Amino acid sequence: MIYVNGRFLQQNQTGVTRFAYEICRAWANKGVEFVLCCPPGETKKCYDISKFVIIVCGWGKSHFWEQVALPIWFAKIKGEKILVNFTSLGPVWVRKKVMTIHDLAFMVNPKWYSRPYSIFYRWLTPLCASSSLHILTVSEFSKSEIVRLIPVEANKITVVYNAVASSFYNASFHSKSPEWSKFNEKYILAVSSIDPRKNFPVLLRSLRYVADKEIKLYVIGGNAAIYTESVRNLCKVAGSEKVRWLGRVSDEDLKWYYSHSLCFIYPSLYEGFGIPPLEAMACGTPTIVSAIPAIKEVCGNASLYINPYDEKDIAEKINKLTSDIKLRNDLISRGYVCCSKFGWTKSAELVSNAIENCLSKMKYE
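Residues numbered from 1 in each chain as written. Predicted model: local features only at pLDDT ≥ 70, side-chain atom pairs only at ≥ 80, totals over all residues. Heavy atoms only, no water.

### Section: the sheet that holds strand β5 (residues 97–100)
Point 1. In space, the seven strands of this open sheet follow the order β3-β2-β1-β4-β5-β6-β7, with parallel pairing throughout. Looking along the sheet, the strands with just one partner apiece sit at the ends: β3 (54–56) and β7 (157–159). For this sheet, the mean angle separating the axes of adjacent strands, direction not counted, is 25°.
Point 2. Here strand β1 (residues 2–5) runs beside strand β2 (residues 34–38); their pairing, made up of four bridges, is parallel. Among the inter-strand pairings, Ile2 is bridged to a residue of β2, identified as Phe34.
Point 3. Helix-sheet contacts for helix α13 (residues 344–363) involve β1, β4 (82–84), β5, β6 (134–137) and β7, and the interaxial angle to β4 is about 150°. (Pairing = 2+ DSSP bridges. Helix = DSSP H or I, 4+ residues; strand = E, 2+ residues; numbered from the N terminus. Axes fitted to C-alpha atoms, helices over the stretch in contact; angles between N-to-C directions. Contact = heavy atoms within 4.5 Å.)

### Some details on the state of the cysteines
Point 1. Applying the stated rule across the entire model yields zero disulfides.
Point 2. Cysteine Cys263 is unpaired, with the sulfur of Cys299 as its nearest cysteine sulfur at 13 Å.
Point 3. The thiol of Cys339 is not disulfide-bonded; the next cysteine sulfur, from Cys338, is found 6.7 Å away.
Point 4. According to the relative accessible area criterion, Cys339 is buried, its value standing at 0%. (Disulfide = S-S within 2.5 Å. Buried < 20%, exposed > 50% of the residue type's maximum accessible area, 1.4 Å probe, protein only.)

### Description of helix α12 (residues 325–339)
Point 1. A rise of 1.5 Å per residue sets the reference length of α12, with its 15 residues, at 21 Å; its end C-alpha atoms lie 21 Å apart and thus fit the reference within 8%.
Point 2. Among the residues making up α12, those that are buried are Leu327, Arg328, Leu331, Ile332, Gly335, Cys338 and Cys339. An end-on view of α12 places all buried positions within 135° of arc, on one side of the element. Residues Ile325 and Lys326 are exposed on α12 and point more than 90 degrees away from its buried face.
Point 3. Those residues of α12 that are buried lie in contact with β11 (263–266), α9 (276–282), β12 (287–290), α10 (293–299), β13 (304–306) and α11 (311–323).
Point 4. In this structure Asp324 caps α12, since a side-chain oxygen of it lies 3.1 Å from the backbone nitrogen of Lys326. (Expected span 1.5 Å × (residues − 1). Arc of directions from axis to C-beta. Polar contact = N/O pair within 3.5 Å; in protein donor to acceptor, adjacent residues only side chain to side chain.)

### Some remarks on the nonpolar core
Point 1. Of all hydrophobic cores here, the largest spans 63 residues; its most connected members are Val4, Trp27 and Phe86.
Point 2. Sort the elements by how many residues they give to this core and α13 lands first, with eight residues.
Point 3. Apart from residues no more than four positions distant in its own chain, Trp27 is found in contact with Ile2, Val4, Val32, Phe34, Phe86, Ala348, Val351, Ser352 and Ile355.
Point 4. Counting 24 residues, the second-largest nonpolar core is a separate cluster that includes Phe200, Leu217, Cys263 and Leu331. (Core = buried A, V, L, I, M, F, W, Y, C linked by side-chain atoms within 4.5 Å.)

### Observations concerning the pairing of strand β9 (residues 216–220)
The side chains of a regular strand alternate between both faces of the sheet.
Point 1. Within β9, four of the five residues are buried, which leaves the element mostly enclosed by the surrounding structure.
Point 2. Where strand β8 (residues 187–191) meets β9, five bridges bridge the pair, whose relative direction is parallel. By the bridge assignment, Ala190 is partnered in β9 with Val219.
Point 3. Remark: the β8/helix α6 (residues 200–206)/β9 crossover connection has right-handed handedness.
Point 4. Here β9 runs beside strand β10 (residues 243–247); their pairing, made up of four bridges, is parallel. Pairing of Ile220 across the sheet is with Gly247, part of β10. (Right-handed = clockwise from strand over helix to strand, strands pointing away.)

### A closer look at the side chain of Thr87
Point 1. With respect to the element layout, Thr87 can be found in the loop between β4 and β5.
Point 2. What Thr87 contacts, discounting residues up to four positions off in sequence, is Phe8, Val16, Thr17, Ala20, Thr100 and His102.

### So, the sheet that holds β12
Point 1. Spatial strand order, β10-β9-β8-β11-β12-β13: six strands in an open sheet with parallel pairing. The sheet is open, and its two borders are formed by β10 and β13, each paired with just one other strand. Between one strand and the next, the sheet's axes are offset by a mean angle of 25°, whatever the strand orientation.
Point 2. Those strands touched by α11 are β8, β11, β12 and β13, and its axis lies near 165° from that of β13.

### Let's talk about unusual backbone geometry
Point 1. Between Ile150 and the following residue, Pro151, the backbone shows a cis peptide bond with an omega angle of -15°.
Point 2. Relative to the helices and strands, Pro151 is located in the loop between α5 (140–149) and β7.
Point 3. At Ser62, a residue that is not glycine, the phi angle is positive and equals roughly 55°.
Point 4. Inspection of the secondary structure puts Ser62 in helix α2 (residues 62–75).
Point 5. A residue is classified by how much of its surface remains accessible, and Ser62, at 36% relative accessible area, is partly exposed.
Point 6. Unlike most non-glycine residues, Asn199 shows phi in positive territory, near 70°.
Point 7. By secondary structure assignment, the location of Asn199 is in the loop between β8 and α6.
Point 8. Owing to a relative accessible area of 5%, Asn199 belongs among the buried residues under this scheme.

Structure follows, in C-alpha cells:
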C-alpha cells in the first residue's frame with residue numbers, strides 16, 4: 001500500500017507543496033490507491049481534498065510529527081507498505097520510503113537561510129537520502145547536484161518534472177470584482193518568496209534603468225507584511241510607488257495578474273526547477289528569466305535570459321521585451337509550446353513506476 005506524507009496539506013501552497021498536491025491529484029484522477037497521512041490540524045483551503053483518502057495519525061506537528069509520531073504510527077501498519085514524501089525529507093528512521101529533494105540551495109549557499117534552518121537541512125537531508133529506497137527530484141540539474149553534494153548513486157534518483165495546473169490554460173476571470181478596476185496600469189510581474197536567492201535587491205535596483213517610467217513591478221508570494229528592512233530601503237531607491245507587494249493570492253487571481261502583465265520576470269540565483277515561468281507561459285505572458293542551469297533546462301528557447309547579477313542587463317531585457325512586439329509574440333508562441341511539454345499526469349506515472357520498482361525490490365529482500 002502507498003502511504004503519502006500529507007503534512008504539506010497544512011502548509012501554504014508553494015512550488016514544493018504544489019508538486020505534492022498535483023501528483024496526488026493526478027493519482028486520484030487515475031484511480032491509484034494511496035492514503036495521505038496527516039498530523040492533527042486543519043487543511044489549508046487552497047487544497048481540494050475531496051478525492052483523497054486521508055488518515056489523521058499520531059500527535060504533535062511539523063518536524064516533530066514527521067520525525068517521531070509518523071514513524072511510530074507507520075511501524076504499526078502490517079503488510080506491504082511504502083511511505084512517499086513529496087516535499088523533501090521524510091522520517092529518517094523509516095527505511096521503506098521514497099523522498100523528494102527539490103534542490104540543494106541550503107548546501108550551495110547556507111547564507112541564503114537562517115543558521116538553524118541551514119544546519120537542520122544540511123544534517124538531515126543526507127541521512128534521509130541514505131535511508132531511502134529511492135529519491136525523486138525535479139530536474140536533471142538537481143539530480144547532478146544531489147550526486148555531487150550528498151553524494152548518492154545516480155541510479156537511485158528519478159527525475160520527475162513539475163508542470164502547470166490545467167486551470168492556468170483556461171483563463172476565465174471575475175471581471176465584476178472591484179479589485180480589477182485598480183489594475184489598469186502597466187506592470188511587470190514577479191512571483192516567488194522573498195528568500196535571498198530570489199534576488200529581489202538586484203531586480204529592484206534594475207528598475208532605475210527601465211526606460212518607461214510608468215511601468216511598475218508587482219510581486220506575488222510570501223507575506224508582504226514581513227519583508228526585510230533592506231528590501232524596504234531598496235524600494236525607496238527604486239521608487240516606492242513603482243513596487244506593489246501583493247502577498248499570496250488565489251490561483252484565479254494569479255492567472256489574472258499573469259495574463260495582464262507586460263511580462264513575467266524571474267531573476268533567481270539558484271533553482272531546482274521553477275514553476276512560475278511555465279505558469280506565465282501558459283497564460284500567454286512573455287518571460288524574462290535567469291540564465292542558470294535549471295531554468296535553462298526548463299525554459300529552453302521560450303524565454304529571454306538575463307545575468308541575474310547585472311541590474312543593467314535586467315533593465316535592458318525589460319526595455320527590449322516591453323517595446324518589441326515581434327519579440328513578445330515570438331516568446332508567447334514559444335512559451336505555449338514549452339509549457340505543453342510538461343504534464344502532471346506524465347509526472348505522476350514516473351512516480352508510480354519508481355514506487356513499483358521499489359516494491360518489487362522489497363519483495364526479494
